[in-house]
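One letter stands for each residue in the lines below.
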Amino acid sequence: MTATPAELPARAVLQATGLTCTIGGAAIVSDVDLGVQDGELLGVIGPNGAGKTSLLNLLSGLLPATSGAVQLDGQNISGWSPHRRARAGLGRTFQTSSVFGELSVAENVSIAAQAFLGGNLRLWQPATRIRGRSERAGAALELVGLAGRAGIAAGSLSHGDKRKLELAILLAGEPKVMMLDEPMAGVSAEDVPELTELIGRVRRERGATVIMVEHHMDVILQLADRLAVMHHGSLLLCDTPQVVMADATVQEAYLGGAL
Ligand SMILES: Nc1ncnc2c1ncn2[C@@H]1O[C@H](COP(=O)(O)OP(=O)(O)O)[C@@H](O)[C@H]1O
Ligand SMILES: [Mg+2]
């Protein structure tokens, strides 16, 4: 059973404190305090250029913070490289599709599983490691419904199936926190409901904590326990979808226009 927000323990798995990134004198993310609780799905909304992707980049370490801190499970990971953060359980997908088109679906996931387990891509490996990798990859493909297409080139998948593959690549690393940057981007309208259902199922079955940036309000309202609203690099509001949607400032700033 999925925990409702009221039942969630008040423990932030991922916590940003005063997170700020200034580039060329402009604050692209400004003094963001944001905690994501264990098992919750936090939706991040806001118009183009609001700083949503930059926030994920700061959390995953791809963008260096000018000031502020990030904690994962109570540990300060602020100075950590993206790779170290990923190994610690902080996984993410990207706004634009990022699969290796010429490799097979299975190879794409297998490489991700290998990267998680560590070591180089070598011909000789201990059997336990190979088993670990193929089991993780197989389980991830099964979960997203691509197990039957494991042998085909990833480049020949539809946009919707590429998004599923990106989820499988993410899942192969067994992340504690999954950050999804516009998982519906480029997906045809008829594939959106299936992908929405899949994200909900992945989250339930893996018990993962999720931060999801998404423009589709119907998708975010279906999945999110709480909504964070970004505006000009600042966090305007973070509350239940009901409170956020009823907020006058949010309505004025977004619902009449950009979203
Ligand atoms: N590496 C960067 N260097 C300079 N400006 C950047 C960089 N990354 C993002 N920005 C700027 O920061 C702002 C927020 O961008 P972004 O985080 O991509 O917004 P969103 O994902 O909400 O659309 C934009 O004005 C963008 O041009
Ligand atoms: Mg973005």
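Since the structure is predicted, the reported quantities are computational estimates derived from the model, not experimental observations. (Residues numbered from 1 in each chain as written. Chains lettered and ligands numbered in written order. Predicted model: local features only at pLDDT ≥ 70, side-chain atom pairs only at ≥ 80, totals over all residues. Heavy atoms only, no water.)

Asker: Honestly, the pairing of strand 8 (residues 209-213) in this entry has me stumped. Any pointers?
Answerer: Side chains on a regular strand alternate between the two faces of the sheet. Counting buried positions along strand 8 yields 5 of 5 residues, so the element is predominantly enclosed. What you see with strand 8 is no split at all: T209, I211 and V213 on one side and V210 and M212 on the other are buried throughout. In this structure, strand 7 (residues 177-181) lies alongside strand 8, joined through 5 bridges in parallel fashion. The residue bridging D181 from the neighbouring strand is V213, located in strand 8. Read as a crossover between parallel neighbours, the route from strand 7 over helix 6 (residues 192-206) to strand 8 is right-handed. (Buried < 20%, exposed > 50% of the residue type's maximum accessible area, 1.4 Å probe, protein only. Helix = DSSP H or I, 4+ residues; strand = E, 2+ residues; numbered from the N terminus. Pairing = 2+ DSSP bridges. Right-handed = clockwise from strand over helix to strand, strands pointing away.)

Asker: Is there a simple way to think about the layout of surface pockets in this case?
Answerer: Taking a probe equal in size to a water molecule and rolling it over the atoms shows the remaining empty space. There is about 730 Å³ of room inside the largest pocket. Taken together, 25 residues make up the lining of the largest pocket; nearest its centre are A86, R92, A112, A115 and I169. Partitioning the lining of the largest pocket into residue classes produces 14 nonpolar, 7 polar and 4 charged. (1 Å grid on protein atoms, 1.4 Å probe; cavity = no way out; pocket = protein on both sides within 12 Å on 5 of 7 lines; lining within 4 Å. Points joined across faces, edges and corners; volume = space filled by probe spheres on them. Nonpolar A, V, L, I, M, F, W, Y, C, P; charged D, E, K, R; others polar.)

Asker: Would you explain the sheet that holds strand 6 (residues 90-92) in this entry?
Answerer: Across a sheet, paired strands are connected by hydrogen bonds in the backbone, their directions being either parallel or antiparallel. The strand order across the open sheet built from 6 strands is 6-7-8-3-9-10, with neighbouring strands paired in mixed fashion. Looking at strand neighbours, the two that pair on one side only are strand 6 and strand 10 (234-239), the edges of this open sheet. For this sheet, the mean inter-axis angle between neighbouring strands, taken without regard to orientation, is 20 degrees. In this structure, strand 3 (residues 41-45) lies alongside strand 8, joined through 4 bridges in parallel fashion. Considered in strand 8, the bridge of G43 is made with M212. (Axes fitted to C-alpha atoms, helices over the stretch in contact; angles between N-to-C directions.)

Asker: Would you mind showing me how to read the side chain of K52 here?
Answerer: Examined against the element boundaries, K52 turns out to sit in helix 1 (residues 52-60). E182 provides the closest opposite charge to the buried, unpaired K52, separated from it by 4.9 Å. Here G46 takes part through its backbone oxygen, which lies 2.8 Å from a polar atom of the side chain of K52. Within polar-contact distance, the side chain of K52 engages the backbone oxygen of P47 at 3.0 Å. (Lys, Arg positive; Asp, Glu negative; His and termini not counted. Salt bridge = Lys/Arg side-chain N within 4 Å of Asp/Glu carboxyl O. Polar contact = N/O pair within 3.5 Å; in protein donor to acceptor, adjacent residues only side chain to side chain.)

Asker: Honestly, unusual backbone geometry in this entry has me stumped. Any pointers?
Answerer: Most peptide bonds adopt trans geometry, and most residues besides glycine take a negative phi value. Unlike most non-glycine residues, D73 shows phi in positive territory, near 50 degrees. As for its position among the elements, D73 is in the loop between strand 4 (67-72) and strand 5 (75-76). Residue D73 is classed as partly exposed on the basis of its relative accessible area, which comes to 34%. One non-glycine residue, E182, lies in positive phi territory at about 50 degrees. Position of E182 relative to the elements: it lies in the loop between strand 7 and helix 6.

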